[in-house]
Amino acid sequence: MTGSNDGPVFQSGPATAELGEAAGQAGSAALLSAAGTLAFSDADLRDTHTVSASFQSLLTAKGTHVPSATQQALKSALNATLVQDSTNGAGGSLSWNFGIADRLVDFLGAGETATAIYQITVNDGHGGKATQSVKVTLTGANDGPVISQSTLRSDDDDDHSAGVSGRMTFTDADASDVHSATVVLKSLESTAGAPDLAPALAQAVRTSVHEQGESGKGSLTWRLELPRSEEHTSELQSRLHLVC
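Residues numbered from 1 in each chain as written. Predicted model: local features only at pLDDT ≥ 70, side-chain atom pairs only at ≥ 80, totals over all residues. Heavy atoms only, no water.

A. Local environment of the sheet that holds strand β4 (residues 50–60). What the four strands build is an open sheet, ordered β2-β8-β7-β4; its pairing is mixed. Edge positions in the sheet fall to β2 (15–20) and β4, since each of these pairs with one other strand and no more. Strand-to-strand twist of the sheet, defined as the mean angle between neighbouring strand axes without regard to direction, takes the value 20°. Pairing of β4 with strand β7 (residues 113–123) involves ten bridges; the strand directions are antiparallel. Residue T60 lies in a different strand from β7, and its bridge partner there is A114. Contacts from helix α1 (residues 68–75) reach β4, β7 and β8 (129–139) within the one sheet, and its direction differs from that of β4 by about 150°. (Pairing = 2+ DSSP bridges. Helix = DSSP H or I, 4+ residues; strand = E, 2+ residues; numbered from the N terminus. Axes fitted to C-alpha atoms, helices over the stretch in contact; angles between N-to-C directions. Contact = heavy atoms within 4.5 Å.)

B. Just the environment of A35, in detail. Following the sequence through the fold, A35 ends up in strand β3 (residues 31–41). Residue A35 is classed as exposed on the basis of its relative accessible area of 53%. Distance in space between the C-alpha atoms of A35 and A80 is 9.8 Å, their sequence separation being 45 residues. With residues near it in sequence (within four places) discarded, A35 still touches W96 and N97. (Buried < 20%, exposed > 50% of the residue type's maximum accessible area, 1.4 Å probe, protein only.)

C. Spatial organisation of the sheet that holds β3. Read across the open sheet, the four strands follow the order β1-β3-β6-β5; overall the sheet is antiparallel. Of all the strands in the sheet, just β1 (9–10) and β5 (78–84) have a single pairing partner and so form its edges. With two bridges connecting them, β1 and β3 associate as antiparallel partners. Of the residues in β3, the one forming a bridge with F10 is F40.

D. Geometry of the packing of aromatic side chains. Summed over all chains, the structure comprises two aromatic pairs. Measuring from ring centre to ring centre gives 5.6 Å for F55 and Y118, while their planes differ by 70°; the resulting arrangement is edge-to-face. Taken together, the residues F55 in strand β4 and Y118 in strand β7 connect sequence positions 63 residues apart. Residue classification places F55 among the partly exposed positions, given a relative accessible area of 25%. For Y118, a relative accessible area of 1% corresponds to the buried category. On the numbers, 6.1 Å between centres and 65° between planes, the contact of F98 with Y118 is edge-to-face. Of this pair, F98 sits in strand β6 (residues 92–101) while Y118 is found in strand β7, placing the two residues 20 residues apart along the sequence. Looking at F98, the relative accessible area reads 3%, which means it is buried. Ring pairing ties together the aromatic residues F55, F98 and Y118, which thus form one cluster. (Phe/Tyr/Trp six-rings, centres within 6.5 Å; stacked < 30°, edge-to-face > 60°.)

E. A look at unusual backbone geometry. P14 follows G13 through a cis peptide bond whose omega is 5°. Relative to the assigned elements, P14 resides in the loop between β1 and β2. If you check the backbone angles, N88 has positive phi at about 60° while not being a glycine. On the basis of relative accessible area, N88 is assigned to the exposed category, the value being 65%.

F. The arrangement of the side chain of S28 in detail. Topologically, S28 is positioned in the loop between β2 and β3. Here A30 takes part through its backbone nitrogen, which lies 3.1 Å from a polar atom of the side chain of S28. With residues up to four places along the chain from it excluded, the contact list for S28 reads D102 and R103. (Polar contact = N/O pair within 3.5 Å; in protein donor to acceptor, adjacent residues only side chain to side chain.)

G. Layout of the nonpolar core. If you look at the biggest cluster of nonpolar residues, it comprises 32 residues, and the most contacted ones within it are W96, F98 and I120. Elements with a minimum of two residues in this core: β2, β3, β5, β6, β7 and β8. When near neighbours in sequence (up to four residues on either side) are disregarded, I120 contacts F10, L38, S52, A53, L78, A80, L94, W96, A130, T131, Q132 and V134. Counting residues in hydrophobic clusters, the runner-up holds seven residues, among them A181, V205, W222 and L224. (Core = buried A, V, L, I, M, F, W, Y, C linked by side-chain atoms within 4.5 Å.)

H. Summary view of the side chain of S219. With respect to the secondary-structure elements, S219 resides in strand β13 (residues 217–227). When neighbours within four sequence positions are excluded, S219 is seen to be in contact with R167, M168, T169, F170, S208, V209 and H210.

Structure representation (structure tokens):
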């Protein structure tokens, strides 16, 4: 009797893993990692096998743009290693390992996901192959915005009002976040006998946020204007807070 090749067959899988980004740690070099094993068999008892892993696809739940550095890293983020061959009827097994730097998934906002799908191949060297999939889902966490530049100028438009205005630029690792601005009056020092301006000042600042698409960049303009009749204020400190 003359034998013919029988290809290997996976006995387990497909495999899945879920990993979460570290919250509030934009730029972290920490590794997000996952690992697992897959079993296979081969009716041809003398066959020896090799294993390999290949990147297949990347899906984002909302069609979020994936930075090129992340795309490149994901293509080689998973590898496979033969643990035990199925020669002479033994149960064959392989291990797979996935790893990517946390900073490379900073682009995901809170709750957003990106799913990378890989294919594991067992090859018997005689034309017989078996494939199985590994799906790794990455879930984003919130990274707060960071003010990168601020400018300030005094505005004396006419005899009736005086004010101050400024512009701030900011970045946010969560590229799809939409931002708003709130104003908090932190302290106020007035000359003796001056009226209490705190209630008016709390409402006196006007803000406008300008997003640059889903680039993770934007700017904020603000203006505080007071009637000259209220210029009893000797020192005013107010702070603008960007919030996601």
